[in-house]
Amino acid sequence: IVFLPPNAPTQAAEDDIAAETCRQVSRYLADPEYRFDLPFDFDGTPFRCRVWREIHAIPAGHTLTYGEIARRLGSSPRPVGMACGDNRIPVVIPCHRVVSASGLGGFMHSRDNLPLDIKRWLLRHEGA
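Structure report, in brief. (Residues numbered from 1 in each chain as written. Predicted model: local features only at pLDDT ≥ 70, side-chain atom pairs only at ≥ 80, totals over all residues. Heavy atoms only, no water.)

## What to know about the side chain of Lys-119
The cut-off we apply is this: In this text, helices come from DSSP runs of H or I with a minimum length of four residues, and strands from runs of E with a minimum of two, each type numbered from the N-terminal end. Type-normalised accessible area, obtained with a 1.4 Å probe on protein chains alone, sets the label of each residue: buried when under 20%, exposed when over 50%, and partly exposed for intermediate values. Charged residues are defined here as Lys and Arg on the positive side and Asp and Glu on the negative side; His and the ends of the chain fall outside this count. Salt-bridge detection follows one rule: a side-chain nitrogen of Lys or Arg within 4 Å of a carboxyl oxygen of Asp or Glu. Contacts described as polar in this section are N or O atom pairs within 3.5 Å, which, within protein, must combine one atom able to donate a hydrogen with one able to accept it, while residues neighboring in sequence count only if both atoms come from side chains. The contact criterion used is simple: two residues touch if any of their non-hydrogen atoms lie within 4.5 Å.
By the element assignment, Lys-119 lies in helix α5 (residues 113–126). Despite its burial, Lys-119 remains without a salt bridge, the nearest opposite charge being carried by Glu-126 at 11 Å. At 2.7 Å, the side chain of Lys-119 forms a polar contact with the backbone oxygen of Gly-106. Ignoring anything within four residues of it in the chain, the contact list for Lys-119 reads Tyr-66, His-96, Val-98, Val-99, Leu-104, Gly-105, Gly-106 and Phe-107.

Here it is, written out as structure tokens:
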């Protein structure tokens, strides 16, 4: 899932899974409590998969800090943040629900501009 700038033209889904993903993202945009039901594997290093499973379990409207996830996994916040940034299916694995202890944190390996505006919007959309 790739977030495009607001003025980017829409594109047709290239296959059935892309079409279903678009349908479910639309449902999420209409209802922040919507739970995605897409087939996917946690595909990455064992550590990243553990991080993504923790993130996947965060309910809509709630957040955890990078440090809280790190403590659960016996790690430190920076590798958790790197795993968040490497998440290829944001919103489905809701990495926007992971924040820093002192504020918003990053999103999609960025700490400014459009990615953080998207993160803010997603959190507001969910009432977090």
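## Quick notes on the pattern of salt bridges
Close approach of charged atoms allows side chains of opposite charge to pair. Under the definition given, this model contains five salt bridges. Ionic pairing is found between Arg-23 and Glu-20, a salt bridge with its closest N-O pair at 2.6 Å. A residue pair is termed a helical-turn pair when its members lie 3 or 4 positions apart in one helix, as Arg-23 and Glu-20 do in helix α1 (residues 16–30) at three residues. With a relative accessible area of 39%, Arg-23 lands in the partly exposed category. Using a relative accessible area of 25% as the deciding quantity, one classes Glu-20 as partly exposed.

## Digging into the packing of helix α2 (residues 46–56) against helix α4 (residues 77–85)
Just so we agree on the cut-off: Axes here mean lines fitted to C-alpha atoms, for a helix over just the part in contact, with angles spanning 0 to 180 degrees between N-to-C directions. Angles are sorted into four bins: roughly parallel if under 35 degrees, roughly antiparallel if over 145, roughly perpendicular if 65 to 115, and oblique for all others.
Relative orientation of the contacting elements α2 and α4 amounts to 80 degrees, with a least axis distance of 9 Å. Here α4 runs roughly perpendicular to α2, going by the angle between their axes. On α4, the residues touching Phe-47, Arg-48, Val-51, Trp-52 and Ile-55 of α2 are Pro-79, Val-80, Ala-83 and Cys-84.

## Re the environment of Ile-69
Locating Ile-69 in the fold gives a position in helix α3 (residues 66–73). Assessed through its relative accessible area of 0%, Ile-69 is described here as buried. For the pair Ile-69 and Val-98, spaced 29 residues apart in the sequence, the C-alpha separation amounts to 8.6 Å. When sequence neighbours within four positions are dropped, the list of residues in contact with Ile-69 reads Glu-54, Ile-55, Ile-58, Leu-64, Val-80 and Val-98.

## Quick look at the nonpolar core
Across soluble globular proteins, nonpolar side chains have a tendency to be buried as a group. The test is simple: Side-chain atoms within 4.5 Å link the members of a nonpolar core, which is a set of buried Ala, Val, Leu, Ile, Met, Phe, Trp, Tyr and Cys residues.
If you look at the biggest cluster of nonpolar residues, it comprises 25 residues, and the most contacted ones within it are Phe-36, Val-51, Ile-55, Ile-69, Val-80, Cys-84 and Val-98. Elements with a minimum of two residues in this core: α2, α3, α4 and α5. The leading source of residues in this core is α3, at four residues. Leave out the neighbours within four places in its chain, and Cys-84 touches Trp-52, Ile-55, Tyr-66, Cys-95 and Val-98.

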